[in-house]
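# Results of the structural survey
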Amino acid sequence: MYARVVRFTDVDPDRLAERLADVESSGGPPVDIPAKGLQILHDPDQRTSVVIQLFETADDMATAEAALDAMDPSDTPGTRASIDRCEIKGELGPS
């Protein structure tokens, strides 16, 4: 499993709420983004957000990259500060 982790700064809480509503109403990712999961974290005190997009394979993550990088900045919750592309090496959770 792979994760694309994007950090945003200057996140407007109202804009984030709009984007969350869009994501929830869409019923899933666009066809050109073969994501298997999505997590959106928000720190209102720092006005930051972290978006974690999960992919089955590195190829799926690479396929999604062009569409995600081409997003209009007005479609994001804030200013994109960094992008990490990671292979998930371990995961802990409730048993």
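In short, a report on the structure. On a predicted model such as this, the values are computed, not experimentally measured, just so you know.

### Here's the deal with the side chain of Gln-53
Its location among the elements puts Gln-53 in strand 3 (residues 48-55). Looking at Gln-53, the relative accessible area reads 11%, which means it is buried. Ignoring sequence-local partners within four residues, the contact set of Gln-53 consists of Tyr-2, Ala-3, Arg-4, Val-6, Gly-37, Leu-38 and Leu-68.

### Digging into the pairing of strand 2 (residues 37-43)
Along any regular strand, the residues point their side chains to alternate faces of the sheet. Inspection of the sheet shows strand 2 paired to strand 3 by seven bridges, in the antiparallel sense. Looking across to strand 3, one finds that Asp-43 is bridged to Thr-48.

### Some thoughts on the sheet that holds strand 3
Through backbone hydrogen bonds, the strands of a sheet pair up, either in parallel or in antiparallel fashion. Sheet architecture is open: four strands sit in the order 2-3-1-4, paired in antiparallel fashion. The open sheet has two free edges, formed respectively by strand 2 and strand 4 (79-87), since each of these has just one partner strand. Ignoring which end each strand starts from, the neighbouring axes of this sheet average 15° apart. This element, helix 1 (residues 13-26), spans strand 2 and strand 3 of the sheet and lies at about 165° to strand 2. Contacts between helix 2 (residues 58-69) and the sheet are confined to strand 1 (2-9), strand 3 and strand 4, with strand 1 contributing the most and set at about 30° to the helix.

What counts as what
- Residues numbered from 1 in each chain as written.
- Predicted model: local features only at pLDDT ≥ 70, side-chain atom pairs only at ≥ 80, totals over all residues.
- Heavy atoms only, no water.
- Helix = DSSP H or I, 4+ residues; strand = E, 2+ residues; numbered from the N terminus.
- Buried < 20%, exposed > 50% of the residue type's maximum accessible area, 1.4 Å probe, protein only.
- Contact = heavy atoms within 4.5 Å.
- Pairing = 2+ DSSP bridges.
- Axes fitted to C-alpha atoms, helices over the stretch in contact; angles between N-to-C directions.

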